[in-house]
Amino acid sequence: MNVFFLILAALTIVGTAAAMALRSAIHCILALTIGLVGLAALYLLLGAQFVGFTQILVYVGAVAILAVFAIMMTQGASAPTQPILSSSWLTGVSVAVAIFAVLAWAIHSTASTQTSLPQPEVSVNQIGAALMHQFVLPLEIMGLLLTAALIGAVILAMPEKKETL
Amino acid sequence: MAASTDWIVQNLWLIPALPLLAGGAISLAKQRHRALAASLAIASMAISFLLSLLAFIHVLSLGHAETVKQTVNINWFQFGNEWVKLGWLLDPLTAVMLLMVTFVGLLIFIYSVGYMAEDENFTRFFCFLALFAGAMLGVVIANSLLLLFMFWEIMGLTSYLLIGFWYAKPIAAAAAKKAFIVTRIGDLGFFLGMAWLYSQTGTLLFYDNGAGCIEHSALTALVTHTTIFGLTVSTGIALLIFCGAAGKSGQVPLHVWLPDAMEGPTPVSALIHAATMVAAGVFLIARIYPLMSAHIPSLLTPTIALQVVTWVGAITALFGSCVAVAQFDIKRILAYSTVSQLGYMMIGLGVGGVSVGMFHLITHAFFKALLFLGAGSVIHGCSGEQDIRHMGGLKKYMPVTLLAYSAGMLALCGVPFFAGFWSKDEVLHSAFAWSVSSIPFYMAAVAALLTAFYMTRQMFYVFFGDTHRPAHHFAPVDDKFSEESHGHHAPHESPRVMTTPLLILATFAVFLGFMGAPFWPWFQSFLDGEQPVLSFAPLAAALPLMVVSTGLVLLGLGLGWKLYAGKIKLASQPDPLQQLQPRIFSILSHAFYVDRMYAMTIIRLNTVFAHLSNWFDRWIFNGVVQCVSYLVLGLAWLDNFVDTFVVNGGFDEGCAAVSHGGRTLSLLQSGRIQSYLRTIGLALIVLAILMFWGVKP
Amino acid sequence: MSPLNGYLLLSALLFSIGLAGALTRRNAILVLIGIELMLNAANLNFIAFWRYGANPAALTGIMFTIFSISIAAAEAAVGLGIILAVYRHTRSTDLDQMSSMKG
């Protein structure tokens, strides 16, 4: 398993790093897609199949495409050749590096369990049942949230009425 | 000296109050209410005259058994533990004076209606006249020296107002000022004497049931103390009060205001400067006569005070008559004559006592008022001309005036059987019999001679001879304030409203003297409180002197006749006396240069002092004020500086610092999300490190 | 190093990468993508802990992740809508130019 993990991890990292570093926005999204696919594979490796497929469906199939659409709609005016990074690139990167350092140090300093647990068996049936029984409230709230987000996004993106004088 | 409950004594205060009220009422009336003003004044004076008559009858009726002095005293205000009292008093002296003042005053008021008829300030004239009359009557009835002094000052004020009646004329304004200032100088002495008397006796009431300041107990106390120069206190006080009398009555050297006071209208001259105000000084001396004559029992000669009075009177009498000889203004001759006659009155008081001086005062009031009114009639008839060289031959134009004027002139000269004869002779008689010296007698005799001389001169210039006024010469053309402006035509007799008082006064001038003649001295007895005795013995004793004085008078008349009768033809011709003795004449006509002497000494001194005061005020007081102001300015500048730089500046700096700080801090608010995020990230790192470091063992 | 640590380290790295992008990119959409990445890293964390955690039968990790994904999707939709609206006004997606809240 370790090998698969390393390969998938490398893929994910490369993809996401590219997503954050490429100059052209479309290329960034495409790289992101790769990264997300790698993440989905990792989920599968970890045994959360449902989550993995949901990741493909939602992120890759909707969010990334949506981002592509947005980029295409907003980039018509501006030239693709812009400087990639903003003026204070170093500050941002250093902050991110510092955060990684702190997190890594926190991870490293915790005692690690050497026991390898068996793979849990989970079925969609169980997930569904849990959703309906234990997590029914979050489920309903999520439904409301999605509805609100839907309406909000439509309103936001709606063209403004031209007022006749 | 009991307080009588008789009506007239209780209401004696009405006599001065009515004219004062009338004056007050007239002052509120408008200038065009002439008839109202004149009626109020004359009516008040007439009522006062009737009340004076009542008072006189009352005093007469009380008989001469005891001394009749009836007083009413009222508490005025409290001064420490004592009450300052005021009051009025009715005694023979008061009664005769009241009668004379109201009667002569009434006649002059009536005369003024005609005299001032064409003046536009008619109403104001009567207002002042009424006020003056009230003040004079107040002086007469006052029982307290303080009250007398108050009315005395009011008289001075009204005299100022009346002399300067035509105030737009600078010479009149100057004359009024001079009168006021000179009399004020005398009043200073009066006030000092009054204060001294109060400090010594504790009261200023004359008669207060034995406690008055000139009653026996007070006088004994005053006589026993002596002061500087070895004078008794009573003499000292008396001399100081005499200063006031000398100022008011024009004794040398305070006489200088009287001739200049002729700038006022003629009725004013008649009332104030002949009959009443100048007589007030004499009246004052008569009133405080007990004080003046108070002496230690062992003293045989008259007191120093009375001697001083006599000498001053004698000098004044001679001085006045000398100067009158060389004057050319009809009123100035009469003014100097008044000065001279006032000297006579003082001699009379000094050598003979109250009755002698007062007798001459009463008769003089009548004939001098008559002479002044007659002169006014002459001036009125000559359309304002006052120079006697421009008159003449008026006897055919103004016969009534001539008749009245002659009566007055003869009375003044002392021609036998006229009023002045009896009174002047009393004075001469007493002077001759004076124990100290007979020089005053000789001075008075020479003055009598000169009086006759200058009056004759005046008569010839004015009434006799040809009319030597050039036909085209009139009163100064642009002088609308002189006595007349009703056209330039030939001299004419005055209207009846003016000549009637003249004739009434003339009657008195002729017959009044008989009330004091030696064979029936009613006046003297009345004042002394005794019964008059009709006897010819005193007449016989006085006869030699009467012959001598008559001789002097006739000599004077003769000299005047010789020099002036028929000799004056032209106005430009010099005076015969001037031709004879030009140098003496010029000294006399300048009144012995007294005025110039005053100008060179006192006035110059005053000017120096005024300059000094001015310098002091300008540099010292002003300097101090300027220094203070500079100091304040400096403080203000400093304050401004502090306020601008320290307070404002500091505050501004503070605010700028805050603003700067705020501006600096606002740089954090860049509006860019990413920088906010970075800050959040940093904060998170710091927080995490802190947390871990705290937890890690 | 245990597998859990490995996954945690990976998720931390992903998080940092996403943060770096969110902090440095000028295009607003790419910043949004960075935020999406950070959310994904957190999801990985959840799943890793579910797998190697105490009680996998409770399905807590999976539930959390499912909800997280839905919320992320909703948020991406709304965020992109906002960006489009802003673009309509300012004709630009440059974050450096959107500083009207400055001061």
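Residues numbered from 1 in each chain as written. Chains lettered and ligands numbered in written order. Predicted model: local features only at pLDDT ≥ 70, side-chain atom pairs only at ≥ 80, totals over all residues. Heavy atoms only, no water.

Asks: Even after reading the chapter, I still don't get the overall build of chain B, so can you show me in this structure?
Replies: What chain B contains, in helices and strands, is 26 helices and 2 strands. Residue burial in chain B is summarised as follows: out of 697 residues, 54% are buried. A fraction of 78% describes how many contacts in chain B between residues 6 or more apart in sequence connect residues 24 or more apart. Total accessible area on chain B is roughly 30,100 Å²; 71% of this is exposed by carbon and sulfur atoms. (Helix = DSSP H or I, 4+ residues; strand = E, 2+ residues; numbered from the N terminus. Buried < 20%, exposed > 50% of the residue type's maximum accessible area, 1.4 Å probe, protein only. Contact = heavy atoms within 4.5 Å. Areas by Shrake-Rupley, 256 points an atom, 1.4 Å probe, with all protein chains shown as cover.)

Asks: What exactly am I supposed to notice about the interface of chain C and chain A here?
Replies: Accessible area lost when the parts come together is the quantity often used to give the size of an interface. Contact with chain C, which involves 65 residues of that partner, is made by 76 residues of chain A. A combined buried area of about 6,200 Å² lies between chain C and chain A, and 77% of that area is made up of carbon and sulfur atoms. Joining chain C to chain A, the criterion identifies 7 residue pairs in polar contact (both at pLDDT 80 or more). Counting residues per element, the ones that place at least two in the side of chain C that touches chain A are α1 (3-24), α2 (28-52) and α3 (60-90) of chain C. By residue number, the principal contributor to the side of chain C that touches chain A is α3 of chain C, which donates 22 residues. (Buried area = accessible area lost by both parts, 1.4 Å probe. Polar contact = N/O pair within 3.5 Å; in protein donor to acceptor, adjacent residues only side chain to side chain.)

Asks: Just checking my understanding: could you explain the side chain of Thr65 of chain C for this structure?
Replies: With respect to the helices and strands, Thr65 of chain C occurs in helix α3. Look at Thr65 of chain C and you get buried, because its relative accessible area is 0%. Polar side-chain contacts of Thr65 of chain C include one of 2.7 Å to the backbone oxygen of Gly61 of chain C. Among residues more than four places away in sequence, those in contact with Thr65 of chain C are Val51 of chain A together with Asn43, Phe46 and Ile47 of chain C.

Asks: How should the packing of helix α5 (residues 122-141) of chain B against helix α12 (residues 277-287) of chain B be read in this particular structure?
Replies: Helix-helix packing: each pair is described by the crossing angle between the helix axes and the interaxial distance. Residue and element names in this part refer to chain B. At a minimum axis separation of 10 Å, α5 and α12 run at an interaxial angle of 15°. In terms of their interaxial angle, α5 and α12 are classed as roughly parallel. The two elements α5 and α12 cross, and the hand of that crossing is left-handed. Contacts from Phe132, Met136, Val139 and Val140 in α5 reach Met277, Ala280, Phe283 and Arg287 in α12. Class assignment for the residues of the contact of α5 with α12 results in 7 nonpolar, no polar and 1 charged. (Axes fitted to C-alpha atoms, helices over the stretch in contact; angles between N-to-C directions. Parallel < 35°, antiparallel > 145°, perpendicular 65-115°, else oblique. Left-handed = near helix turned anticlockwise from the far one by under 90°. Nonpolar A, V, L, I, M, F, W, Y, C, P; charged D, E, K, R; others polar.)

Asks: What should I look at first to understand the pattern of salt bridges in this one?
Replies: Close approach of charged atoms lets side chains of opposite charge pair. All names here are of chain B. Inspection of the entire model under this criterion finds 7 salt bridges over all chains. The residue Arg184 makes a salt bridge to Glu153 at a minimum N-O spacing of 3.2 Å. Pair noted here: Arg184 is in helix α7 (residues 170-201) and Glu153 is in helix α6 (residues 145-163), with a separation of 31 residues, a long-range link. In this structure Arg184 comes out as partly exposed when scored by relative accessible area, which is 39%. Taking relative accessible area as the criterion, Glu153 reaches 16% and is therefore assigned buried. One salt bridge in this structure joins Asp260 and Lys178, with 2.6 Å as the shortest N-O distance. Taken as a pair, Asp260 in helix α10 (residues 257-260) and Lys178 in helix α7 lie far apart in primary sequence, 82 residues in all. Because the salt bridges share partners, they merge into one network encompassing Lys178, Asp260, Arg332 and Asp595. (Salt bridge = Lys/Arg side-chain N within 4 Å of Asp/Glu carboxyl O.)

Asks: Quick question: what am I supposed to make of the nonpolar core here?
Replies: Across soluble globular proteins, nonpolar side chains have a tendency to be buried as a group. Counting residues in hydrophobic clusters, the biggest one holds 200 residues, and the most contacted among them are Met97 and Met358 of chain B. Sequence-distant contacts of Met358 of chain B, defined by excluding residues within four places in its chain, comprise Leu93, Met97, Phe283, Ala286, Phe523 and Leu527 of chain B. (Core = buried A, V, L, I, M, F, W, Y, C linked by side-chain atoms within 4.5 Å.)

Asks: Quick question: what am I supposed to make of the interface of chain B and chain A here?
Replies: If you look at the interface, chain B gives 11 residues, while chain A gives 10 residues. When chain B packs against chain A, the two sides together hide about 850 Å² of surface, and 80% of this comes from carbon and sulfur. Connecting chain B to chain A are 0 salt bridges. Counting every contact that joins chain B to chain A gives 0 residue pairs in polar contact (both at pLDDT 80 or more). Residues that form the side of chain B that touches chain A fall into these classes: 6 nonpolar, 2 polar and 3 charged.

Asks: Help me understand α7 of chain B in this model?
Replies: Residue pairs spaced three or four apart in an α-helix point in one direction, given the helix's 3.6 residues per turn. All names here are of chain B. An ideal rise of 1.5 Å per residue puts 46 Å on 32 residues; α7 measures up with 46 Å between its terminal C-alpha atoms. Its maximal kink placed at Ile185, α7 deviates by approximately 25°. Gly202 sits one or two residues past α7 and shows a positive phi near 80°. (Expected span 1.5 Å × (residues − 1). Bend = angle between axes of the 7 residues up to and from the residue.)

Asks: How do you make sense of the packing of aromatic side chains when you look at a structure like this?
Replies: Each aromatic ring pair is characterised by the separation of its centres together with the angle its planes make. Residues and elements named next belong to chain B. With the rule as written, the count across this model stands at 29 aromatic pairs over all chains. Three or more aromatic residues joined by ring pairs form one cluster here, namely Phe109, Phe122, Phe125, Phe126, Phe165 and Trp166. The ring of Phe165 carries the charged tip of Arg124 above its face, separated from the ring centre by 4.5 Å. Positioned over the ring face of Tyr344 is Lys424, at 5.1 Å from the centre of the ring. (Phe/Tyr/Trp six-rings, centres within 6.5 Å; stacked < 30°, edge-to-face > 60°. Lys NZ or Arg CZ within 6 Å of the ring centre and 35° of its normal.)

Asks: Help me understand unusual backbone geometry, please; the structure alone is not making it clear to me.
Replies: Residue Pro253 of chain B is bonded to the preceding Val252 of chain B through a cis peptide linkage, with omega at 0°. Although it is not a glycine, Phe417 of chain B adopts a positive phi angle of roughly 75°. Among the secondary structure elements, Phe417 of chain B is positioned in the loop between α17 (399-413) and α18 (419-432). A positive phi angle, close to 60°, is found at Leu59 of chain C, a residue other than glycine. Within the secondary structure, Leu59 of chain C sits in the loop between α2 and α3. The class of Leu59 of chain C is buried, set by a relative accessible area of 6%.

Asks: Explain the packing of α5 of chain B against α6 of chain B to me, please; I cannot follow it from the model alone.
Replies: Residue and element names in this part refer to chain B. It is the contact of α5 with α6, at a shortest axis distance of 8 Å, that shows an interaxial angle of 155°. Regarding the angle of α5 to α6, the classification is roughly antiparallel. Relative to α6, α5 is oriented so that their crossing is left-handed. Contacts between α5 and α6 involve Phe125, Phe128, Leu129, Leu131, Phe132, Gly134, Ala135, Met136, Gly138 and Val139 from the first element and Leu148, Phe151, Trp152, Ile154, Met155, Thr158, Leu161 and Leu162 from the second. Class assignment of the residues belonging to the contact of α5 with α6 gives a composition of 15 nonpolar, 3 polar and no charged.

Note that every value here comes from positions in space, so none of it alone points to a role or purpose.
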